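Examination of the molecular architecture
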Amino acid sequence: MTDNNVTSGVSRRGFLKGLGVGTVATGLIPSVAPETEAAEQRPALRGPGEIPITLKINGQNRQLNVEPRVTLLDALRNRLDLTGAKKVCDRGTCGACTVMVDGQPVYSCSMLAVEAEGRMITTVEGLGTPTQMTAVQKAFVKHDAQQCGFCTPGFVMACTAFLSSHPNPTLEEARAGLGGNLCRCGTYAGIMEAVLEAAKKGGA
Amino acid sequence: MAKVDWPAADKRSLIGKHISRTDGPVKATGAAKYSYDINRPGMLWAKVVTSPHAHAEVVSIDTTAAAAIPGVEAVWHDETLKEVVYVGHIVAAVAARTEEIAQEAIRQVKVQYKVLPHQVVDNNPSLAAGNPAERKAGNVEEALSKADVVVSGEYGIPVITHCCLEAHGEVNEVKGDEMLVWPSTQAVSGYGNQNLAQGGGVAQNKIRVDCQHMGGGFGSKFNFELAPGAKPIAAILSKKTGKPVKLMLDRDLELAIAGNRPSAFAKIKVGASKDGTVTAFDAETWSTGGQGGAFNSGIMPYPLTKVPNVRIIGKRIITNRGGQRAWRAPNHPQACLLTMSALADTAAQLKMDELEFFLHNAALTDRPEVYREELRIAADMLGYKAKAHLRGDPKAGAGPVKRGIGIAIHTWGGLGHNSECDVTISGDGSVEAKIGTQDLGVGTRTCIAQVVGETLGLSLDGVKVEIGKNSPYPPSNGSGGSTTIGGISVSSRKAATDALNALLAVVAPKMGVAADALEAAEGKIRQIEKPHVAMSWNEACALLGKEQITKRGVNVPAESRTAKLIDANVGGVQMADVSVDIETGVVTLNEMVAVQDCGLIVNMKLCESQVYGALIMGVAYGLYEECIYDAKTGRMVNADMEFYRLAGLKDVGKLKVHLMTGPAYESRGIIGIGEPPAISPGAALSNAVANACGVRVPNLPLTPDRVIAALQKGGIA
Ligand code: FES
Ligand code: FES
């Protein structure tokens with residue numbers, strides 16, 4: 001099944017993009033293909049009701065049943081017990097749900113699970129483990145870029161993706177590049193130090 | 001005998017150091033399980049049905065259609081509820097096989113309301129009800145009439161909300177006569193209260209609470225109530241279905257109903273003499289906390305407790321808004337904003353430098369020397385002398401972008417709370433500390449490991465720390481009022497000291513000396529006088545054989561205070577350097593400094609993190625945050641994270657933190673840090689904006705529309 005087959009023909013969840021009042025997610029790609037693509041190819045309708053899908057997550061094929069309206073975030077958290085990505089705003093504002101899809105950071109609350117079929121999904125569980133952390137994760141711990149830690153997996157993902165496209169960021173680039181994630185505890189001072197240090201160590 | 005007193009600075013191996021949090025790796029890798037992340041076998045999802053009206057009589061609730069949806073396993077509605085008093089008031093709930101089904105089902109619950117008149121306006125004192133609170137000292141009228149200068153102003157700070165990133169809620173599993181509950185809470189030992197027990201039909205002592213990680217509380221998560229007064233819905237639904245139930249609030253409800261900081265508005269008159277001494281402070285304040293308590297203005301003029309002539313009248317406006325909850329330093333940020341604004345306006349009227357003014361009036365606080373020292377340090381850190389200018393001075397800038405500095409000072413208690421800890425030493429050398437406490441992000445686990453490790457002469461990894469569960473874990477109070485680190489540090493210090501002394505009693509005969517002659521340090525038990533005569537920690541513990549030593553340490557706050565293990569009352573100073581574009585009204589924070597005293601610091605890195613975090617939270621409420629209500633519909637119109645705006649990475653400017661250390665501060669013992677630095681930011685920002693653009697922007701947050709309106713009123717734009 002090709003990407004187009006799975007991304008179109010489903011009733012899209014009406015999500016809003018940031019309206020310019022919140023921070024702008026400059027590092028993020030739109031998670032839904034433009035409507036015109038969908039109009040060109042109209043495959044068979046899937047759903048309503050649960051349908052079987054296969055998601056390639058952290059290098060493994062995972063089979064699950066979801067209704068077409070289920071977001072990638074809910075599929076990960078509620079069906080596969082991959083709870084590193086967090087649900088906070090559930091509408092593309094905060095970045096707590098950030099995962100990588102085909103190497104690009106994506107708000108998983110704003111992508112349907114069926115849209116992610118056939119694509120390479122990386123969640124925070126696919127980076128390091130507590131005993132074998134990536135450079136970004138180590139830098140987050142060292143610079144205390146976390147308090148309650150609820151925003152941390154999202155920031156770690158955003159930061160990892162950002163550094164892969166900006167290996168030597170300036171302070172300003174880093175502030176802008178990670179502007180699509182929010183932290184309530186106020187760990188930004190540590191996060192900036194962590195990003196810059198992880199960059200020096202060669203990113204992820 | 002090892003003593004409980006804190007070791008002197010040159011003897012500390014772990015306490016006071018920059019140490020990374022021990023649970024950092026599980027959080028950074030997503031391995032940490034928060035309550036929201038708990039998935040139990042066969043678990044149901046619950047969602048709540050809420051009132052769309054700000055005030056209405058509940059006529060009837062029909063749940064049949066919802067109950068008939070395949071996958072819905074239980075529907076509950078609040079039979080005692082006759083009236084809803086705010087939009088978002090919970091009336092019913094459903095539990096279903098999936099979150100999506102639950103979402104669909106709540107739309108099928110038919111509630112008939114008889115709409116009643118509502119009132120959500122809080123910035124109008126004529127709407128106040130009941131007798132106002134009043135506090136008087138001296139003779140304010142006479143003092144005002146004799147003052148060299150009298151400055152009047154009106155100021156305000158709106159209702160804001162906690163916006164914890166992890167929503168309020170829990171996973172609840174009633175199993176026979178027992179209830180397992182995974183809540184997002186800041187009070188694990190107190191969470192299982194009588195109401196929760198009743199909801200699940202179990203005895204209170206059969207509630208097992210488990211909260212290993214939680215995503216922010218800030219004062220709003222002391223119990224199971226999703227909103228103040230709400231029923232134990234997850235427990236009820238689990239009892240009904242015999243299955244585990246997850247119920248977490250959706251973000252819109254989290255913002256609207258899960259907790260609100262009361263607003264505070266005031267008309268203030270300050271009387272002062274020519275040299276800047278404040279002689280009189282006269283204020284009328286009004287505020288709403290929804291249906292509940294409102295802002296307590298009795299702590300004004302804040303923190304100038306020694307102003308001789310004072311009159312404070314505090315009014316309360318009852319509104320049809322979500323109920324209030326404690327928000328990081330209850331009452332203080334409001335009192336600080338209102339008082340500091342009036343004081344800075346007084347300095348401006350006197351054409352007196354703001355720093356001079358605060359240095360001078362520090363005499364009217366309880367901690368004059370501390371504030372003076374901190375003011376000087378903060379001024380140096382910010383380069384105050386080179387940048388400062390009087391309000392309205394051309395030095396603010398010739399173009400449309402004006403620059404200014406603002407100052408604010410604050411105080412807080414922070415005495416360590418009641419806490420108990422068990423420390424166990426085993427024959428294999430392992431050490432375990434258990435406390436029924438929680439980690440809100442402060443780094444509780446890390447601090448316990450540091451204190452126990454320090455006491456036993458072990459490294460951080462030598463101590464296993466278990467927290468997050470209620471009884472049989474030793475009870476420890478909820479995390480409120482910046483009391484946790486003081487409380488758990490003393491209880492764990494005492495438990496570890498007693499356990500060590502029991503071990504030394506076993507070891508002493510083998511080493512041929514009295515237990516008094518031994519100490520634990522560097523992974524060894526050694527003679528104090530002849531440190532090279534030593535036994536390794538593991539060898540020493542092996543003498544226990546199969547026995548274990550378990551000792552319980554108890555913090556009794558008043559006793560520990562006398563013993564100088566902990567203390568209360570701190571002072572802090574903050575300064576903000578901002579730029580204001582008087583054409584667009586946009587405020588940009590260039591730099592902010594925080595200087596804070598907090599007694600003996602257990603972990604320098606974590607302590608600094610608390611202060612940075614508090615500053616950033618303060619920048620958010622100073623510049624962006626407000627629960628905006630529509631008077632006509634009674635709804636909160638910005639109950640989402642686009643329009644209820646938090647600060648992002650780009651918004652916070654350069655931040656500098658300085659913690660007061662040295663014998664004079666450290667000899668007081670440990671004092672809480674979480675709240676104090678969150679008090680001043682709004683006031684410092686407001687004063688900086690006034691200094692920059694020449695007029696006071698009376699109300700927070702300092703949004704472009706408010707700045708432009710103030711400039712127009714002041715004849716500047
Ligand atoms: S939960 Fe997806 S962006 Fe906030
Ligand atoms: S660490 Fe708590 S929200 Fe970022």
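So, here's what we can say about the structure. Bear in mind that the values here come from a model prediction, so they are computed numbers and not experimental data.

The rules we used
Residues numbered from 1 in each chain as written. Chains lettered and ligands numbered in written order. Predicted model: local features only at pLDDT ≥ 70, side-chain atom pairs only at ≥ 80, totals over all residues. Heavy atoms only, no water. Helix = DSSP H or I, 4+ residues; strand = E, 2+ residues; numbered from the N terminus. Buried < 20%, exposed > 50% of the residue type's maximum accessible area, 1.4 Å probe, protein only. Contact = heavy atoms within 4.5 Å. Areas by Shrake-Rupley, 256 points an atom, 1.4 Å probe, with all protein chains shown as cover. Rg over C-alpha atoms; globule rule 2.2 N^0.38 Å. Polar contact = N/O pair within 3.5 Å; in protein donor to acceptor, adjacent residues only side chain to side chain. Buried area = accessible area lost by both parts, 1.4 Å probe. Salt bridge = Lys/Arg side-chain N within 4 Å of Asp/Glu carboxyl O. Nonpolar A, V, L, I, M, F, W, Y, C, P; charged D, E, K, R; others polar. Pairing = 2+ DSSP bridges. Axes fitted to C-alpha atoms, helices over the stretch in contact; angles between N-to-C directions. Phe/Tyr/Trp six-rings, centres within 6.5 Å; stacked < 30°, edge-to-face > 60°. Lys NZ or Arg CZ within 6 Å of the ring centre and 35° of its normal.

Let us now look at the overall build of chain A. A tally of helices and strands in chain A yields seven helices and five strands. Seen in sequence order, chain A has helices and strands lined up from the N terminus as α-α-β-β-α-β-β-β-α-α-α-α. Counting all 204 residues of chain A, 57% fall into the buried class. When contacts within chain A are restricted to residue pairs at least 6 apart in sequence, those whose partners lie at least 24 apart make up 61%. For chain A, the accessible surface area stands at approximately 8,100 Å², while carbon and sulfur atoms represent 52% of it.

A word on the overall build of chain B. Tallying secondary structure elements over chain B gives 20 helices and 28 strands in all. What you see for chain B is a C-alpha radius of gyration of 28 Å, in line with the 27 Å of a compact globule of 717 residues. Taken along its principal axes, the extent of the C-alpha atoms in chain B is 85 × 75 × 45 Å. With 717 residues in all, chain B has 63% of them scored as buried. For chain B, contacts bridging at least 24 residues in sequence account for 80% of all contacts bridging at least 6.

Residue and element names in this part refer to chain B. When you line up the elements, His 417 lands in the loop between β18 (401-412) and β19 (419-426). A distance of 3.1 Å separates a polar side-chain atom of His 417 from the backbone oxygen of Gly 478. Once residues lying within four places of it in the same chain are set aside, the contact partners of His 417 are Ser 476, Asn 477, Gly 478, Thr 483, Thr 484, Gly 487, Asn 555 and Pro 557.

With that out of the way, let us pick up the interface of chain A and chain B. Across the contact, 56 residues belong to chain A and 60 residues belong to chain B. For the pair chain A and chain B, the two sides together bury roughly 4,800 Å², of which 56% comes from carbon and sulfur. When the buried surface of chain A facing chain B is broken down by residue, A:Gln147, A:Phe150 and A:Arg184 rank first, second and third, together holding 18% of it. Counting every contact that joins chain A to chain B gives nine salt bridges. Here B:Asp37 and A:Lys86 are joined by a salt bridge, their closest N and O atoms 2.7 Å apart. Listing elements by their share of the side of chain A that touches chain B, those giving two or more residues are α3 (72-79), α4 (135-142), α5 (152-165), α6 (171-177) and α7 (188-200) of chain A. Considering only residue class, the side of chain A that touches chain B consists of 26 nonpolar, 15 polar and 15 charged.

It is worth spelling out the sheet that holds strand β8 (residues 149-157) of chain B at this point. All names here are of chain B. Spatial ordering of the open sheet is given by β7-β17-β16-β15-β8, a layout of five strands whose pairing is mixed. In the strand order of this sheet, the two ends are held by β7 (129-137) and β8, each with one partner. Taking the axes of each pair of neighbouring strands and ignoring which way they run, one obtains an average angle of 10° across the sheet. Bridge count for β7 against strand β17 (residues 309-316) is six bridges, and the pairing is antiparallel. The residue of β17 that forms the bridge with Arg 135 is Ile 312. On top of the sheet, helix α9 (residues 332-349) reaches β8, β15 (264-272) and β16 (278-287); it is set at about 145° to β8, its chief contact.

Turning our attention to the packing of aromatic side chains. Tallying each qualifying case throughout the model produces five aromatic pairs over all chains. Between the NZ or CZ atom of B:Arg261 and the centre of the ring of B:Tyr621, over which it lies, the distance is 4.3 Å.

As a further point, take unusual backbone geometry. Residue and element names in this part refer to chain B. A cis amide bond, omega -5°, links Met 300 with the succeeding residue Pro 301. Turning to its location among the elements, Pro 301 is positioned in the loop between β16 and β17. Pro 472 follows Ser 471 through a cis peptide bond whose omega is 15°. Tracing the backbone shows Pro 472 in the loop between β21 (463-466) and α14 (484-511).

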